[in-house]
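Below are the chains, spelled out letter by letter.
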Amino acid sequence: MVATIVGGTILWFVLFLVQLPFYGWFDDRGITWWVWCCLAGGGLGLLGIWYVRGRDAALKRAAAAEAAGEAGAVTDSESAASEG
């Protein structure tokens, strides 16, 4: 998932940089929003990268905690069986 967001963010910034030398052309036609839209897409992509990386880290922590909890439950049941 992170790779997809990074790829999209890079694409937005590349589009911004490609259009920047032609800013006058866009300005003559009243469509400078195309240039700024690409910059906004890149900026939002950076926010998306931050969010998705944090989400992935949280999912990994939860999976590790769940696995540790299951391992502890198995150990507790084994010790109870050996005592009984």
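As shown above, the structure is provided for reference.
What you see is a predicted model, and the numbers here were worked out from it, not measured in a lab. (Residues numbered from 1 in each chain as written. Predicted model: local features only at pLDDT ≥ 70, side-chain atom pairs only at ≥ 80, totals over all residues. Heavy atoms only, no water.)

Some words on the overall build of the protein chain
Scanning the protein chain for helices and strands turns up three helices and zero strands. Reading the helices (α) and strands (β) of the protein chain from amino to carboxyl end gives α-α-α. Across the protein chain, contacts joining residues at least 24 apart in sequence account for 55% of those joining residues at least 6 apart. (Helix = DSSP H or I, 4+ residues; strand = E, 2+ residues; numbered from the N terminus. Contact = heavy atoms within 4.5 Å.)

Overview of the side chain of Gln19
Tracing the chain through its elements places Gln19 in helix H1 (residues 2-19). With a relative accessible area of 14%, Gln19 lands in the buried category. Of note is the side chain of Gln19, whose polar atom sits 3.4 Å from the backbone nitrogen of Val35. The contacts of Gln19, once residues within four sequence positions are left out, are Phe26, Trp34, Val35 and Cys38. (Buried < 20%, exposed > 50% of the residue type's maximum accessible area, 1.4 Å probe, protein only. Polar contact = N/O pair within 3.5 Å; in protein donor to acceptor, adjacent residues only side chain to side chain.)

As for the environment of Cys37
Here Cys37 shows up in helix H3 (residues 33-83). Put simply, Cys37 and Trp12 are 25 residues apart on the chain and 8.7 Å apart in space, counted from C-alpha to C-alpha.

Quick word on the nonpolar core
In terms of nonpolar packing, the biggest core is built from five residues, these being Phe16, Phe26, Ile31, Val35 and Cys38. Once you skip the residues sitting within four places of it in the chain, Val35 turns out to touch Phe16, Gln19, Leu20, Tyr23 and Phe26. (Core = buried A, V, L, I, M, F, W, Y, C linked by side-chain atoms within 4.5 Å.)

Here's the deal with the side chain of Thr32
Mapped onto the elements, Thr32 comes out in the loop between helix H2 (23-29) and H3. Overall, the relative accessible area of 19% leaves Thr32 in the buried class.

Some remarks on the packing of aromatic side chains
This model, assessed by the stated rule, comprises five aromatic pairs. Geometrically, the ring pair formed by Tyr23 and Trp36 is edge-to-face, given 5.9 Å between the ring centres and 70° between the ring planes. Within this pair, whereas Tyr23 is found in helix H2, its partner Trp36 is found in helix H3, the two being separated by 13 residues in sequence. Owing to a relative accessible area of 42%, Trp36 belongs among the partly exposed residues under this scheme. Considering the side-chain rings of Trp25 and Phe26, the 5.1 Å spacing of their centres and the 85° angle between planes classify their relative orientation as edge-to-face. Since its relative accessible area comes to 6%, Phe26 is described here as buried. Site record: aromatic cluster; members linked through ring pairs are Trp25, Phe26, Trp33 and Trp34. (Phe/Tyr/Trp six-rings, centres within 6.5 Å; stacked < 30°, edge-to-face > 60°.)

Focus: a nonpolar patch on the surface
Taken together, the side chains of Leu44, Leu47, Trp50 and Tyr51 present a nonpolar region at the surface, about 540 Å² in accessible area. If you trace the backbone, Tyr51 turns up in helix H3. (Patch = residues over 30% accessible without salt bridge, like charges linked within 9 Å, V, L, I, M, F, W, Y side chains within 5 Å. Areas by Shrake-Rupley, 256 points an atom, 1.4 Å probe, with all protein chains shown as cover. Salt bridge = Lys/Arg side-chain N within 4 Å of Asp/Glu carboxyl O.)

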